[in-house]
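Structure at a glance
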Amino acid sequence: MDAFLLQILNGLDKGGAYALIALGLTLVFGTLGVVNFAHGALFMLGAFVAVALQNLLTISKQVRDESVTFFEAYKETPYLEIWLGDTGLAIIDYVVPISIVLAIPVMLLIGFVMERGLIQYFYKRTHAEQILVTFGLAIVLQEIIKAWFGANPIPMAAPDAVSGSAAIGSALGLGDAVVYPWWRLLYLLFTLFIVGAVFAFLNLTTYGMVVRAGMADRETVGLLGINIQKRFTLVFGIAAVVAGLAGVMYTPILPPDYHMGMDFLVLSFVVVVVGGMGSLPGAVAAGFLLGILQSFASMSVVKDVLPGIDQIIIYLVAVVILLVRPRGLMGRKGVMEA
Amino acid sequence: MLMESPRKDYMIMAIFTAVVLTMPLWTAPFGASYPDLLQKFAIYGIFAVGFNLLFGLTGYLSFGHAAFLGVGSYAAVWSFKLLSMNVLPAIVFAILIAALFAVLIGFVSLRRSGIYFSILTLALAQMSYNMAYSVLTPITNGETGLQLEHGDPRVLDFAFGAEETAGLPSTNLFGLEMSGWPGFYFCAVVLILAFFLSLRIFKSPFGLKLRAIKSNQNRMMYTGYNTRPHLLLVFVISGMYAGLAGSLLAVTDPLAGAERMQWTASGEVVLMTILGGAGTLVGPLLGAGLIKYFENIFSAINEGVLHSAFSFLPDFLNDFLTFIVAPFVGEGWHLTLGALFMAVVIFLPGGIMEGIRRLTGLAKRTASHRGGKGSARTGGPAHSAEG
Amino acid sequence: MSDTFHFTRRGLLKTSAFAGAALATPHLFTRNAFAQGNAFRNDPSNKSTVTLGFNVPQTGAYADEGADELRAYQLAVKHINGEGDGGMLNTMKPLALQGNGILGKKVDYVTGDTQTKSDAARAAAKRMIEKDGVIMFSGGSSSGVAIAQQSLAQEMGVVFMAGLTHSNDTTGKDKRRYGFRHFFNAYMSGAALGPVLKERMGTDRRAYHLTADYTWGWTQEESIKNTTEALGWETVNAVRTPLGAGDFSQYITPVLNSGADVLILNHYGKDMVNSLTQAVQFGLRDKQVNGKDFQIVVPLYSRLMAQGAGENVQGIVGSTNWHWSLEDEGSKAFTKSFGQEYGFPPSQAAHTCYVQTLLYADAVERAGTFYPPEVIKALEDFEFDGTGNGPTLYRGADHQCFKEVLVVEGNDNPSSQFDLLKVVKQVPREQVMYDPSIFGGELGPYEV
């Protein structure tokens, strides 16, 4: 029972990560009709906003370790610690939360630049060409990050206050064995918050409703004298921010490296398509569904019966769903079927 | 437009044959004239030509084509292990197995179209890859890859009086070893045949129907035309091309690894085709050649090579140029490749073939000194079938 | 161009069997290169330089490790050519190299990118052999790639000196006459860790394995299991995880309530960084089970991985091939040359690649010829010292080096940014030796 509950938590957590990445991707699909293979790179760039901030905050006074003579080895003390004492350490400790605030404008800017500088010229081009150009862009972006930060993963820590585990079990009367890391719980809450915010923006604000109208019928909206182009730029920016924030929040779970975007790319496409093209709720639902199923498939009891099932479960479920429901969970007719 | 005179086809084939067979000569100035790379050009050329039959003609973008490549390789190596080191049974066996695999995957995937089709092929191929890497190790030898071994049965070989040698045997075509230059010429001949077949398919009534499906599937269906069998047929043909390419990889180098089936390998053939020009005959070959060239030659340029390349310059200029160029070659070859993808698709919609068309158009115009219609591009690049 | 077209004897026999297949066979096509006296592929005798090929991962997850290997190779070439301070040329014994290249020929090198993929590695190696004319190639950062390359070496008749590869198969089931490994293997990790685990954790422990689901992971799981079960430990469970899983939470939570008190992570590279980080996040390092402190063991450690996992490695035990902080003459000489050249210490991958290059060069010098079978014989059962791991034997039966193995743990209080691992014990080579027959495999012939 405990094991079961923990796997549900794992699944929700994993599903949250998938949903968050897929959300931005499907937003760009649905509104702009662009197959964005650089979406994973945006996720990665978000994570490296946090890394860059950490590097900046921990610029250190270097005291040479004299026992090492062949090269210069230093014991490093961050200047922030020297200048501000414990406050400085606390700032460094909270580098991930601070990065979230920083990542919003940075990712928005990156999104705007990408849309204005490149993506807008590809709205009318074939999907194949969109794939080629965004894939090229993704490679260029990740190689730049590699040249600057190296290929090795870079450790990032959650703040000490939330680095331990929450005793969920004893709080709910389920026994002490059920504990779960605070940061992962926060990640789940954060996902729900972001998903809620994006939905609210699209469904409750006039601005968002016009965007949705543009998704459905771009020309009519244009004829009404609304500058839909500007709104689409903003949508791309929002997608970049969502991907970037997912990346920042993920750093304490997965030490970031330049290739992490590519690792998530295929998976996020599967999630989006299983959810149904152009459907935001579909993407979120598919993310959670696949996350939970993946967790269950990884349990020893399951693996003993079906060896290797955890490696293919996501793809298997994707195939089954697409065969049973032609347009995924909640896809609309005619979107990207040609 | 499509039913052109067969004479033009023969012209195309003659030129193509000459170009392919003289590759060792004209690739030498680019540092690409050695057997392995030329073999790879020919093999990945076959792979891309086959992929283009599906994608270029029907617009169905398969994102799992590498599965057939991998299956073809495994089948060929098993043929070497169980039957004979002769390459012909291996190739036949590989094509058959790939066809079988393609029937299964195609039957499932072709129930959907557009991106749903792409994801179905991707998912099925990734499942194959993951299984081959881990659980199916008894068949695929997992991470290490399937290799020849000393105790292999090779029933046909031994039945014909071959003896166990001290080392591992080599693949051969009735005695002619298939590594090095003979391997290249063998692959080149297969490429020429494969290209010829693709040319025939492009210009056949079957090819015409496929294009009609591409331009409007619904209209085809409303006229009472069942498109599925045609799609499945071309999917299987395309899968057989991939199986053939996979078997040739094993022929020139008898080892089959699971990463041949990974999505990155599937993505690579998509990129090759689009980069060269989807729907054109020669484009995919150019794309395949370019990507393999980058992978093998650009990645090998290190700072030492750069220094000696710029050695005719004064020292400070030499250092400066090396410093500027170094990030784009050697370990930076991915960066250059990514930038190239972007540049091609931004400036040459329709791939490299579009660039060539523009150049020849420009040449013609300047030659005739007339404005007129010139080379204005009409419609998508995918509709033109000229080589 | 003697090796342009060649016919095998068996092939010819078969040609006669297939009587119909009468291929025109011009007589100028000669048979295998080795048949004619001592002619061999890429013979550098008529050239003033000799070319070596360094095939390392330059893209992908192991790119940093590959870059470090390449630095070591460049340093080795310098030292062999008599440039720089000579590094281990001053400490290695016996040594035939004179600092004037190999057999008087200046050493040149070419590089390639393995991408940590067998196909790409073999393509790059073939380019080196066919186009650049290398007489030996070396490098790599994973076992699958090493095995793929050494079987190519055997086919082509060019010696391969493996870089970082830890699977038992490399010098076991898949060993080759033309392939050599200086790095240690999973069996030796187990043998070296055994006594330390006993001393630190006792004999009454319950172990839970998470294993990367491919050949290397399996061999390591098997070797470590054999060791720990011999100590009296119980193996609670051994779960296979997919390569590149990223998030391992679904594999880690079952550990929490399994009753196990030791977690063994048979992961390497990114997998190891991720699984360790997440295991610590789930509180495993601070947990108490069965009245004992919960422990995590990472059998194969590297400093670059420790760097990626950050503070999570503190106090976690594992084994490694070599570490820059060793105090013997060979290690000091190498760390000094490398440190002065590049400004930071070498990794274990750099060390093994550097030593491999010197060993090959020295073997050629001793054999007095580049002819591969003679070079191979010179390497087989070669005893040497002064390369950082104490007295070392290149065993002829399986081409595996036997030397000291280091047991290390993550440093709780590093004195500098490079001081991440602390050497706990240098396990003498007698303790990690084994009978070559336990892994089977066949080396194959000298002449191919």
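- As annotated in an unreviewed UniProt entry, chain C carries the name Branched-chain amino acid ABC transporter and comes from Caenispirillum salinarum AK4.
- According to UniProt, the comment filed for chain C under the heading Sequence similarities (unreviewed entry) is "Belongs to the leucine-binding protein family."

- Looking up chain B in an unreviewed UniProt entry gives the name Branched-chain amino acid transport system permease protein LivM, with the organism given as Caenispirillum salinarum AK4.
- Database annotation for chain B, UniProt heading Subcellular location (unreviewed entry): "Cell membrane".

1. Regarding the overall build of chain C
- Of regular secondary structure, chain C possesses 13 helices and 17 strands.
- Taking 2.2 N^0.38 as the reference for a compact globule, 448 residues should give roughly 22 Å; the C-alpha atoms of chain C span a radius of gyration of 23 Å, in line with that estimate.
- If you line up chain C on its principal axes, its C-alpha atoms span 80 × 60 × 35 Å.
- Sorting the 448 residues of chain C into buried and exposed places 64% on the buried side.
- Sequence-distant contacts, at least 24 apart, represent 70% of the contacts inside chain C between residues at least 6 apart.

2. Topic: the interface of chain B and chain C
- Counting residues at the interface gives 46 residues for chain B, matched by 54 residues for chain C.
- Of all elements in the fold, only helix H3 (35-58), helix H6 (114-133), strand S3 (176-177), helix H9 (180-203) and helix H14 (283-296) of chain B reach the threshold of two or more residues within the side of chain B that touches chain C.
- At 4 residues, the largest contribution of residues to the side of chain B that touches chain C is made by H3(B).
- Considering only residue class, the side of chain B that touches chain C consists of 15 nonpolar, 20 polar and 11 charged.

3. Focus on the UniProt feature "domain: Leucine-binding protein" (unreviewed entry) in chain C
- Per the UniProt record, "domain: Leucine-binding protein" (unreviewed entry) is annotated on residues 49-411 of chain C.
- Each end of residues 49-411 of chain C is marked by a C-alpha atom, and these two atoms are 45 Å apart; helix forms 41% of the span and strand 21%.

4. Things to note about the interface of chain B and chain A
- Taken together, the contact pairs 37 residues of chain B with 32 residues of chain A.
- For the side of chain B that touches chain A, the secondary structure elements donating two or more residues are H6, helix H13 (263-276) and helix H17 (333-347) of chain B.
- Considering each element in turn, the side of chain B that touches chain A owes the most residues, 12 residues, to H6(B).
- Among the residues forming the side of chain B that touches chain A, the class breakdown is 26 nonpolar, 9 polar and 2 charged.

5. What to know about the nonpolar core
- Ranked by internal contacts, the top residues of the largest apolar core, which has 367 residues, are B:Ile46 and B:Phe47.
- Two domains each donate at least three residues to this core, and these are domain 1 (49-183 + 324-403) and domain 2 (187-320) of chain C.

6. Looking at the confidence of the model for chain B
- Averaged over all residues, the pLDDT of chain B equals 88, while 94% of them reach at least 70.
- When the criterion is pLDDT under 50, residues 371-387 of chain B qualifies, and its contacts beyond four places in sequence or with other chains add up to 26 contacts.

7. Here's the deal with the sheet that holds strand S8 (residues 262-266) of chain C
Residues and elements named next belong to chain C.
- An order of S7-S6-S8-S11-S12-S16-S17 is seen for the 7 strands of this open sheet, with the pairing classed as mixed. Of all strands in the sheet, those with a lone pairing partner are strand S7 (234-241) and strand S17 (421-427), marking the two edges. Strand-to-strand twist across the sheet, computed as the mean angle between neighbouring axes with direction ignored, equals 20°.
- Sheet analysis places strand S12 (residues 317-320) next to strand S16 (residues 405-410), joined by 4 bridges and oriented antiparallel. Counted as the bridge partner of Thr-320 is Leu-406 from S16.

8. Here we look at the domain arrangement of chain C
All names here are of chain C.
- Each domain of chain C was delimited in the assignment, giving domain 1 (49-183 + 324-403) and domain 2 (187-320).
- The straight-line distance from the C-alpha centre of domain 1 to that of domain 2 is 30 Å.
- The interface is formed by 12 residues belonging to domain 1 together with 12 residues belonging to domain 2.
- In terms of residue class, the side of domain 1 that touches domain 2 is built from 2 nonpolar, 7 polar and 3 charged.

9. Side note on the packing of helix H12 (residues 260-275) of chain A against helix H13 (residues 280-297) of chain A
All names here are of chain A.
- Running from N to C, H12 and H13 point in directions that differ by 120°, and their axes come no closer than 7 Å. As summarised for this structure, H12 and H13 are arranged oblique, according to the angle between their axes. Seen from above, H12 lies across H13 with right-handed handedness. For the pair H12 and H13, the contacting residues are Val-271, Val-272, Val-274 and Gly-275 in the first and Gly-282, Ala-283, Ala-285, Ala-286, Gly-287 and Leu-290 in the second.
- Considering only residue class, the contact of H12 with H13 consists of 7 nonpolar, 3 polar and no charged.

10. As for the sheet that holds strand S15 (residues 401-402) of chain C
Residue and element names in this part refer to chain C.
- Read from one edge to the other, the open sheet built from 3 strands follows the order S13-S14-S15, with strand pairing classed as antiparallel. The sheet is open, and its two borders are formed by strand S13 (382-384) and S15, each paired with just one other strand.
- Direction of pairing for strand S14 (residues 392-394) relative to S15: antiparallel, over a ladder of 2 bridges. What sits directly across from Leu-393, in S15, is Phe-402.

11. Side note on the pairing of S7(C)
- The sheet contact formed by strand S6 (residues 206-212) of chain C and S7(C) spans 7 bridges and is parallel. Paired with C:Ala207 across the bridge in S7(C) is C:Thr235.

The rules behind each value
- Residues numbered from 1 in each chain as written.
- Chains lettered and ligands numbered in written order.
- Predicted model: local features only at pLDDT ≥ 70, side-chain atom pairs only at ≥ 80, totals over all residues.
- UniProt positions renumbered as here; feature names shortened; annotations may be inferred.
- Helix = DSSP H or I, 4+ residues; strand = E, 2+ residues; numbered from the N terminus.
- Rg over C-alpha atoms; globule rule 2.2 N^0.38 Å.
- Buried ≥ 20, exposed ≤ 12 C-beta atoms within 10 Å, placed from the backbone.
- Contact = placed C-beta atoms within 7 Å.
- Nonpolar A, V, L, I, M, F, W, Y, C, P; charged D, E, K, R; others polar.
- Core = buried A, V, L, I, M, F, W, Y, C linked by C-beta atoms within 7 Å.
- Domains from an automatic or database assignment.
- pLDDT = per-residue confidence, 0-100.
- Pairing = 2+ DSSP bridges.
- Axes fitted to C-alpha atoms, helices over the stretch in contact; angles between N-to-C directions.
- Parallel < 35°, antiparallel > 145°, perpendicular 65-115°, else oblique.
- Left-handed = near helix turned anticlockwise from the far one by under 90°.

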